[in-house]
Amino acid sequence: MVMLVEKAKSFGKRVIGQPEEPVPVVSIKDWVGNVSSNPKRDALRYVESLFPIVGWITRYNFGWLYGDVVAGLTVGMVVVPQSMSYAQIATLPTQYGLYSAFVGVLIYCLFATSKDVSIGPVAVMSLTVSRIIANVNEHHPDVWPGPQIATTVAFICGFIVLCIGLLRLGWLVEFIPAPAVSGFMTGSAINIVAGQVPGLLGETGFDTRAATYKVIINCFKFLPVTKLDAAFGITGLVSLYLIRIICDQLGKRYPRKQRLFFFLSVFRNAFVIVVLTIASWLYCRHRKSKSGKYPIKILQTVPRGFQHVGPPTIDPALVSALAGELPVATIILLLEHIAISKSFGRLNGYKINPNQELIAIGVTNTVGTVFGAYPATGSFSRSALKSKSGVRTPAAGILTAIVVIVALYGLTPAFFWIPSAGLSAVVIHAVADLVASPRQVYAFWRVSPLEFVIWLAAVLVTVFTTIENGIYTSICASLALLLVRIAHPRGYFLGKVTLHTEKNSVVREVFVPLTQRPGVLHPAVKVEPPSPGVIVYRFEESALYPNISLLNDALVEHVKQNMRRGKDMSQVKMSDRPWNDPGPRPGRDENAENLQKPVLHSIVLDFSGVSHIDTTAVQALIDTRNEVERWADKHIEFHFATILSPWIRRALVAGGFGTGAPSSHGPTEVAPVVPYRGGRTQPQTHDKTLSDIEAIEEISEAESSIVPQDTPYFHFDLISAVRAAEAGVLAGERSYPSSLQKGPSVTQTEDGTD
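Residues numbered from 1 in each chain as written. Predicted model: local features only at pLDDT ≥ 70, side-chain atom pairs only at ≥ 80, totals over all residues. Heavy atoms only, no water.

A. Layout of the nonpolar core. Core analysis: the biggest nonpolar cluster contains 109 residues, and Val80 and Tyr374 have the highest contact counts within it. Counting residues per element, this core draws most heavily on helix H15 (residues 326–348), at 11 residues. Those residues in contact with valine 80, other than ones at most four positions away along the chain, are Leu98, Val403, Val404, Ala407 and Phe415. (Core = buried A, V, L, I, M, F, W, Y, C linked by side-chain atoms within 4.5 Å. Buried < 20%, exposed > 50% of the residue type's maximum accessible area, 1.4 Å probe, protein only. Helix = DSSP H or I, 4+ residues; strand = E, 2+ residues; numbered from the N terminus. Contact = heavy atoms within 4.5 Å.)

Next comes the structure, spelled out in structure tokens:
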């Protein structure tokens, strides 16, 4: 019975092509073990990670409380006028901005991993909501009210973001680079500022949500019909900038009182709104027309407290109508928040968890719909204010929520007289800071001109079309650039530079590109090519199916141009040549030119930049080996340096590399797309011939290698690989001609490494 089982196993191995004595490599069992050694413990940690507040609330102290109270109250003074202003951008009643602000700052602190971020209504999201409402009303007029559309968007987008966070898919956000985010943020800020100028000046009669360039043109066209609102709006805007500039200058002049001037500057929004409200009340209270209108546009009645608490009404028909708009809203919701939270974490020396931040945003928006809130995300201006105010923990949001509650229940009668032009001034003042500075734009150009083009494209598309198109443009362009970089990576043929240290006469060898790269090496540095017959090549990207053909083309072309052909083709008739071999040009001695070239012995591949390899790449390496051996008409050694991934080692071993076996004993195809059965023989099991044993026995028995002995052609560093290849060249020169078919020779360096 045992014999039958063994025969069955042997037959199965022959069917699938497994060697009788395989080289030990990493297995699926090892991978599973690395994923989770204790699933129960990992599950508990996952649940604990959903509530970061548990990790710090038990250590809360009065020192933290002082910083949180100051920061929470400070942000509260700003978020009230801003949230009402942003609600106007979203074409919603002003109280909905306060609802979103309250839920955002209160719920976020329970799930946050960032102490600085302030959640609530933001300009870009508000503008997106207004466009969604307008689009739904255009196709389904008078079917759903604007607040229901906004809360439905908040619920669906929040649920999507929550699922992304729970499934730990936050890494998807990393596919959108900083220049793309900055591009559509800059374009959106210009769009919002242009849309608020008519409200600032009291201009009416044109669509303020048209393309940005059209709004800017119409703002100039309608200047003659500017109303009295401009007196309030321009005064408020100028006052906001004057207060900030004066406080900044005084803070620099009197450093000891810098914190005092900072808080005076912080209260400028509330101060300007209070002054404009008093002025509006004094001017408008006795000037109400018979039709109930006032000389300037004011907020008028703002309902007191929470008027729409209850389960959200989610209409399936409305969800279907919103389907085309949800991707943009979701992208803005998560992208803006992650960008802001990462920025402040980097600034203040802590690291956020992107997945947990997505959970926090998702919970905030889904729970917010119970209070009638519309989509909320991280605010850059309020987060910067919170950070500068000395916030210590996310609990500062509770104090901000208290300020919003006080405003909702105690200040709504005063909100009646707030001029809309004043709120437009607050929006313009806050959003203008989102426009990228010239220094930032120039930095994009210096670091990567292509990413600067993406930034510029996002801005222009947003200005001349819509925010949605700007977002899609920046994302698609970024992904296209990423794919191009993956598909067309850099690769270099390397030479050697010997470095001498004057103090202790230490000699060190480094390998650099043979072709001079501007700004990389000093022009006086001489790069020595490797020994004749040795090629050293570095591939600076993972070896994957989109790019591996470049490695194949580079190596084969280099071999054919610079290495000796194994067969004398000068005596071969034209009729016997391959159809794609044009033969020598008239008057040229093909054989003489060929004999002047060195005999190819080995190719060294530096895999220090390769983190992954796939089946197509292994097949391409096999094809490369076959092509260069066909050209050289002999066995060619392939050495691999700096393989640090066991899965790369496993893949290369499966392709017949590293073990020292001749290519005739290895596979010609690892995974043929269309199996060819026309007489192809299976690869034979490699048996060490006498020459193979002699070559491998060159390694001293007294010294041990730091790489497995099963794969002597895998080297820990590039220097060891090149030395082994060059030693093989010398050994080949000392041996007789038939030794060209010998197995690989491996040398040992003085430090015991191969």
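B. Spotlight on the pattern of salt bridges. According to the stated counting rule, one finds seven salt bridges in the structure shown. The partner of aspartate 116 in a salt bridge is lysine 115, with the nearest N and O atoms 3.0 Å apart. Residue aspartate 116 is classed as buried on the basis of its relative accessible area, which comes to 0%. (Salt bridge = Lys/Arg side-chain N within 4 Å of Asp/Glu carboxyl O.)

C. Quick peek at the packing of H15 against helix H23 (residues 467–487). Between H15 and H23, the shortest axis-to-axis distance is 10 Å and the interhelical angle comes to 70 degrees. By the angle class used here, H15 and H23 are roughly perpendicular. Along this stretch, H15 crosses H23, giving a crossing that reads as left-handed. Between H15, through Pro327, Val328, Ile331 and Ile332, and H23, the contact on the second element is made entirely by Ile467, Glu468, Ile471, Tyr472 and Ile475. Residues that form the contact of H15 with H23 fall into these classes: eight nonpolar, no polar and one charged. (Axes fitted to C-alpha atoms, helices over the stretch in contact; angles between N-to-C directions. Parallel < 35°, antiparallel > 145°, perpendicular 65-115°, else oblique. Left-handed = near helix turned anticlockwise from the far one by under 90°. Nonpolar A, V, L, I, M, F, W, Y, C, P; charged D, E, K, R; others polar.)

D. A look at the packing of helix H5 (residues 62–89) against helix H20 (residues 420–431). Between H5 and H20, the shortest axis-to-axis distance is 9 Å and the interhelical angle comes to 100 degrees. One finds that H5 runs roughly perpendicular with respect to H20. The segment H5 lies against H20, with Pro81, Gln82, Met84, Ser85, Tyr86, Gln88 and Ile89 engaging Ser420, Leu423, Val426, Val427, Ala430 and Val431. Looking at side-chain class alone, the contact of H5 with H20 contains nine nonpolar, four polar and no charged residues.

E. Up close: the environment of threonine 668. With respect to the secondary-structure elements, threonine 668 resides in the loop between helix H27 (646–654) and helix H28 (690–696). Spatially, the C-alpha atom of threonine 668 lies 8.9 Å from that of glycine 656, the residues being 12 residues apart in sequence.

F. Spatial organisation of the packing of aromatic side chains. Enumeration over the complete set of coordinates arrives at 24 aromatic pairs. Ring geometry for tyrosine 60 against tryptophan 64: centres 5.9 Å apart, planes inclined by 80 degrees, an arrangement best described as edge-to-face. You can call tryptophan 64 buried: its relative accessible area is 16%. Measuring from centroid to centroid gives 5.1 Å for phenylalanine 102 and phenylalanine 306, while their planes differ by 55 degrees, and the two rings are tilted. With phenylalanine 102 in helix H6 (residues 94–111) and phenylalanine 306 in the loop between helix H13 (268–284) and helix H14 (316–322), this pair connects stretches of sequence that are 204 residues apart. Judged by relative accessible area, which is 10%, phenylalanine 102 ranks as buried. One aromatic cluster is present, built from ring pairs that chain together Tyr96, Tyr99, Phe102, Phe306, Phe371 and Tyr409. The ring of tryptophan 281 has arginine 285 lying over it, and the distance from NZ or CZ to the ring centre is 4.4 Å. Seen from the ring of tyrosine 283, arginine 287 lies directly overhead, with NZ or CZ sitting 4.2 Å from the centre. (Phe/Tyr/Trp six-rings, centres within 6.5 Å; stacked < 30°, edge-to-face > 60°. Lys NZ or Arg CZ within 6 Å of the ring centre and 35° of its normal.)

G. Layout of unusual backbone geometry. Of note, the phi angle at arginine 168 is positive, near 55 degrees, even though the residue is not glycine. Inspection of the secondary structure assignment puts arginine 168 in the loop between helix H8 (146–166) and helix H9 (178–201). The class of arginine 168 is partly exposed, set by a relative accessible area of 23%. Of note in the backbone geometry, glutamine 300 takes a positive phi value of approximately 65 degrees without being a glycine. With respect to the helices and strands, the residue glutamine 300 is situated in the loop between H13 and H14. Classification of glutamine 300 by relative accessible area gives partly exposed; the value is 34%.

H. Structural context of the sheet that holds strand E4 (residues 507–513). Read across the open sheet, the six strands follow the order E4-E3-E5-E6-E7-E8; overall the sheet is mixed. Strands with a single pairing partner mark the edges of an open sheet, and in this sheet they are E4 and strand E8 (714–715). In this structure, strand E5 (residues 534–539) lies alongside strand E6 (residues 602–606), joined through five bridges in parallel fashion. In the strand pairing of E6, tyrosine 537 is matched with leucine 605. Strands strand E3 (491–500), E5 and E6 of the sheet are contacted by helix H24 (residues 548–562), whose axis makes an angle of about 160 degrees with E5. Its contacts with the sheet put helix H26 (residues 615–632) on E6 and strand E7 (637–641), and the angle it makes with E7 is roughly 140 degrees. (Pairing = 2+ DSSP bridges.)

I. Representation of the pairing of E3. Relative to E5, E3 runs antiparallel, the two sharing three bridges. Bridge pairing in E5 links glycine 491 to phenylalanine 539. Judged from the seven bridges that link them, E3 and E4 form a sheet pairing that is antiparallel. Residue pairing in the sheet places histidine 500 in a bridge with valine 507 of E4.

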